[in-house]
Amino acid sequence: MITHAKEAEKFNKDEARVDWHDDTLWFVRQKRDRMAHNIPEWEQLREKASQIKNHTLSNLDQYLVQFEKQALANGVHVHWAANAAEHNQIVFQIIQKHGFQKIVKSKSMLTEECHLNEFLIGQGIEVIDTDLGERIVQLRHEPPSHIVLPAIHLKKEDVGETFHQHLGTEKGAKDPQYLTEAARQHLREKFIAADLALTGVNFAVAETGGIVVCTNEGNADMGAHLANVHIACMGIEKIIPRQADLSVFLRLLARSATGQPITTYSSHFLRPAPGKEMHIVLVDNGRTEQLARADFRNSLKCIRCAACFNTCPVYRRSGGHSYHTAVAGPIGSILAPNIDMRKYADLPFASTLCGSCSNVCPVKIDIHDQLWKWRQILAQEGHTGTAKATGMKLMSAVLSNPDIYRFVGSTGRWFLRHVPSLASNSLNPWFKQREMPEPPKESFRDWYLKNRKKPKGE
Ligand code: SF4
């Protein structure tokens, strides 16, 4: 079974890469901090965004229906998908109806979640991811490792090698400008040849039926403007009530994501251009179930900025692939168990619960509290594994009885001093990357009883 710990162990084998990954994401986190500190009303903005999202989630049914009505009135085709399979079928049927063979995509974590690429490629459709990072990982047959910076786990040398193999660039080339230009030329051809463009959605406005797509590369616009058919796929939680609410989220999103004041392209799509076709697919795929979980519903406020990834000490030092789910990091560790509790039971434990994720979240999701709550549910539901469940029961017995605690403490110290290999061996994962500390000669309690100042008269 794939677990975060096992995958992280693979990532950790290359220490230099781990350090570099850690430093790079911390650099992004620091840019985010500078941007946030430049705005005196930052905390009010976060509070406002949180309230808008809370209100929207409490009235989601109404806003979805309003959005559909407005979008239909704008001449957009609206589709509803209960799950990933339905979503993929809807997209495929639109492609099939037109007899298309080639599509271009801009970044959409929803389609990653639904495994759309694999599905369409299996049906004989050419699917090209046009976000630079996404295209790099697509060429390498890897999933994105980060929702905003999909190829952040790779160095420019890795990209050079990938482009050499797939795009015919010079062997050993690692100049970012040269590599980016090669990608640009390659993608231009794909844009021009594509029959259909698929984009994600950052925000869908119930009041107008319009959608907003944010990219730094303009690839969503290029695809949607060149192709005759545009499909926009969105999770149902992307709704916001009013056009006026957009400014709150657009100010927060780019600053939290990459430390930019605004995303380079915040493109508004309202209706199809004359003679063209536009579709919006609204996808549930477990979201209404999450909405019904009182402790976890507000995870649906997420605007996918990835600030919680960049600040997380575990994510930074274990890499996105170790989370084995489309959305990695702290928020992914809350969302994934909702979809499959058994498969993703390891993820809420991939956290120090330091709370840094909750502190940076622009929509004020109580991420670390939810991770902690998932741990309790997973333990109650029997998803934590026999070794951990038995260990916890033993610890509970020891920690709840002072006599047993003292006996185990003194016996443990004796064994650690005289037979350290009993604890520090290859069967104990805790010591794989750690050295055994010197065991103390006595417990704090024993030391304290010997050294405390006795009250007068005692
Ligand atoms: S949980 Fe918050 S910080 Fe993390 S990606 Fe979502 S909005 Fe950003």
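The preceding data block contains the structure.
Residues numbered from 1 in each chain as written. Predicted model: local features only at pLDDT ≥ 70, side-chain atom pairs only at ≥ 80, totals over all residues. Heavy atoms only, no water.

Re a nonpolar patch on the surface
Stated formally: Every patch collects residues that have over 30% relative accessible area and no salt bridge, joining them within 9 Å if they carry like charges and within 5 Å if they are nonpolar side chains (Val, Leu, Ile, Met, Phe, Trp, Tyr). The Shrake-Rupley method, run with a 1.4 Å probe sphere, supplies the accessible areas, and residue values consider only the shown protein chains as cover. One speaks of a salt bridge when a side-chain nitrogen belonging to Lys or Arg is within 4 Å of a carboxyl oxygen belonging to Asp or Glu. Secondary structure follows DSSP: runs of H or I at least 4 residues long count as helices, runs of E at least 2 residues long count as strands, and numbering of each begins at the N terminus.
Together, W414, F415, V419 and L422 give the surface a local cluster of nonpolar side chains, amounting to about 370 Å² of exposed area. Mapped onto the elements, F415 comes out in helix α20 (residues 402–418).

Considerations on empty space enclosed by the protein
For clarity, the threshold we go by: Residues are said to line a cavity or pocket when one of their atoms sits within 4 Å of a point; the points come from a 1 Å grid over protein atoms alone, cavities being sets where a 1.4 Å probe fits but cannot get out and pockets being open sets with protein on both sides within 12 Å along at least five of seven lines. Grid points are joined across faces, edges and corners, and a volume is the space filled by probe spheres set on the points. Polar here means any residue outside two lists: the nonpolar Ala, Val, Leu, Ile, Met, Phe, Trp, Tyr, Cys and Pro, and the charged Asp, Glu, Lys and Arg; Gly therefore counts as polar.
The full count for this structure, using the stated rule, is four cavities of 30 Å³ or more. Counted as a void, the largest cavity has a volume near 80 Å³. If you trace the largest cavity, you find 14 residues lining it, with C302, R304, C305, C308 and C361 closest to the centre. Grouping the constituent residues of the lining of the largest cavity by class yields 13 nonpolar, no polar and one charged. Empty space within the second largest cavity amounts to approximately 50 Å³. Considered class by class, the residues forming the lining of the second largest cavity number seven nonpolar, five polar and no charged.

What about the sheet that holds strand β9 (residues 265–269)?
Using the following cut-off: The pairing criterion is simple: DSSP has to find at least two bridges between the two strands. Contact definition: two residues touch when any of their heavy atoms are within 4.5 Å. With axes taken as lines fitted to C-alpha atoms, and helix axes fitted only over the stretch in contact, angles between N-to-C directions fall between 0 and 180 degrees.
Reading across from one edge, β8-β5-β6-β9 is the order of the four strands in this open sheet, with mixed pairing throughout. Every other strand in the sheet has two partners, leaving β8 (239–240) and β9 as the edge strands with one partner each. Pairing of strand β6 (residues 210–215) with β9 involves five bridges; the strand directions are antiparallel. Following the sheet pairing, V213 is matched in β9 by S267. Contacts from helix α11 (residues 219–226) reach β6 and β9, with the element oriented near 30° to β9. Here helix α12 (residues 246–258) sits on the sheet in contact with β5 (203–205), β6, β8 and β9, set at roughly 175° to β5.

Observations concerning the packing of helix α16 (residues 329–339) against helix α18 (residues 367–380)
Defined as follows: Orientation labels follow simple angle bins: below 35 degrees gives roughly parallel, above 145 gives roughly antiparallel, 65 to 115 gives roughly perpendicular, and whatever is left gives oblique. A clockwise turn of the near helix away from the far one marks a right-handed crossing, whereas an anticlockwise turn of less than a right angle marks a left-handed crossing.
With their axes 9 Å apart at the nearest point, α16 and α18 run at an angle of 40° to one another. It follows from the interaxial angle that α16 and α18 lie oblique. The element α16 and its partner α18 pack so that their crossing is left-handed. Residues P330, I331, S333, I334, P337 and N338 of α16 form the contact with α18, whose participating residues are I367, Q370, L371 and W374.

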